[in-house]
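Given next are the chains, with one letter for each unit.
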Amino acid sequence: MFYLLEYFLQTVTASFDPYTQLIFRNAGFSQSKVGVIIAAGQLASIFFPMIAGLLMDRTGKARIVLVVTSLASGVLIMPATMSGVFPFVIFMFFLSRGFVSVINPAVDGYLTKCLKGDAQKYGLARAAGTGGYVVFLVAASVIGFPEVTDNRQILICYIISLVAFVVCVAFCPEMPQTENKDHNHRFFDVNWFDKSFYVVMLAVGISRVAQTIPDRLLGSYMTEELHLGGHFPFYVAIGAFSEMLMLIIGGKLIREGKVSYYTMLILSTVALIVRLYIYAYVKGKAAFIFAQTLHSFTYGACHIAITNYISLTTSKKHNAFAMSWYTALATNFPQMLGVFFGGFIIDNFGYGSLFRIYGIFPVIALLILVVFRKTIILRREK
């Protein structure tokens, strides 16, 4: 059932995220305005997951949280995608993406507890989810549905995926609860996590500014610059398939002690540097496809490393909140900044400048990881 949960969760993601930039371009907004709209959604994604993570830790009611947030997102996204009124679109997208942003970290925290932090089992479940992502995108590319210029078709796919996910949630077991007397009296305490946690989150957060490009700003590049048209989901699927392989292999290697989460983080950061500068300086579909395969490291290796790191170094009663912190402050906040400024950079200087400028961020992240190597490795295991 955990595999099906992840499968339908990532189908939800595949049915909307790769199309987000295109949806608002279809509505007639400039790249700068598109950046502002998506940034508003990222802003909501900072706060909603952290609040939901606390609720899950305190109550253990993961299924209720997942059902409510999924249904709310489905209702609110409809006016956001069908209107051409800029302030209204910003507001509705803020609410919708706030609710849907809860789902991924909530499921991650849920699986971490249910699978007792087993990196290999988590990797297999997450890989099953990525399989759903790949299947949806390949099917969309082959059959031509949804049509990339038709917001109604994109919306239909998203709603159907959400309903399938909610049905799956209904059949999942409830999250195991951990006795937590201290947690009931405090919203947050910096002492829940040690120094290494904050260093890792800082490094990952800086690198995620650059990851904004493949995650949020590549749709119109593929359709408007590379002229891939309705086949662009296939190229997104290449990256997702590579990620799936990494989740399976990487989880196994970490569990067997052959690779550490620190090594995974280093590889992820280096791959992100290479990926962005391939986009910037090497032209042609072959180079682009190779860059897409690096998603196995830029997202897959990073995600499985962070999940393993959190399961090893944070108290089990704070696992869900730690995952929410990672999603909200080390992913969504930097991506909010990345997409907000990215839209203006694309409009005024083009995609080439965007790739070159954002390539600086993983370089900074790599330096932090190297300088604080001992702090990160000599962590306090819980």
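Residues numbered from 1 in each chain as written. Predicted model: local features only at pLDDT ≥ 70, side-chain atom pairs only at ≥ 80, totals over all residues. Heavy atoms only, no water.

Caption draft 1: A look at the packing of aromatic side chains. Throughout the structure, instances matching the rule amount to 27 aromatic pairs. Measuring from centroid to centroid gives 5.6 Å for phenylalanine 29 and phenylalanine 86, while their planes differ by 50°, and the two rings are tilted. Residue phenylalanine 29 is located in the loop between helix H2 (20-26) and helix H3 (31-59), and its partner phenylalanine 86 is located in helix H5 (residues 86-100); the two are separated by 57 residues in the primary sequence. What makes phenylalanine 86 partly exposed here is its relative accessible area of 22%. Arranged with centres 6.3 Å apart and planes meeting at 85°, the rings of phenylalanine 48 and phenylalanine 94 form a pair that is edge-to-face. Residue phenylalanine 48 is found in helix H3, and its partner phenylalanine 94 is found in helix H5; the two are separated by 46 residues along the sequence. Given the relative accessible area of 24%, phenylalanine 94 is considered partly exposed. These aromatic residues form a ring-pair network of at least three members: Tyr221, Phe234, Tyr235, Tyr279, Phe288, Tyr351 and Phe355. For the cation-ring pair, lysine 33 lies above phenylalanine 86, with the distance from its terminal atom to the ring centre recorded as 5.2 Å. (Phe/Tyr/Trp six-rings, centres within 6.5 Å; stacked < 30°, edge-to-face > 60°. Helix = DSSP H or I, 4+ residues; strand = E, 2+ residues; numbered from the N terminus. Buried < 20%, exposed > 50% of the residue type's maximum accessible area, 1.4 Å probe, protein only. Lys NZ or Arg CZ within 6 Å of the ring centre and 35° of its normal.)

Caption draft 2: Highlighting the side chain of threonine 298. Tracing the backbone shows threonine 298 in helix H14 (residues 295-313). In this structure, threonine 298 is in contact with Arg208, Gln211, Ser268, Ala271, Leu272 and Arg275, ignoring residues within four places of it in sequence. (Contact = heavy atoms within 4.5 Å.)

Caption draft 3: Expanded view of the packing of helix H9 (residues 195-216) against helix H17 (residues 360-371). Axis separation between H9 and H17 bottoms out at 7 Å; the angle between their running directions is 165°. With respect to H17, the axis of H9 lies roughly antiparallel. Considering how the two elements wind past one another, H9 and H17 form a crossing that is left-handed. In this structure, H9 contributes Val199, Leu202, Ala203, Ile206, Ser207, Val209 and Ala210 to the contact, and H17 contributes Phe361, Pro362, Ile364, Ala365, Ile368 and Leu369. (Axes fitted to C-alpha atoms, helices over the stretch in contact; angles between N-to-C directions. Parallel < 35°, antiparallel > 145°, perpendicular 65-115°, else oblique. Left-handed = near helix turned anticlockwise from the far one by under 90°.)

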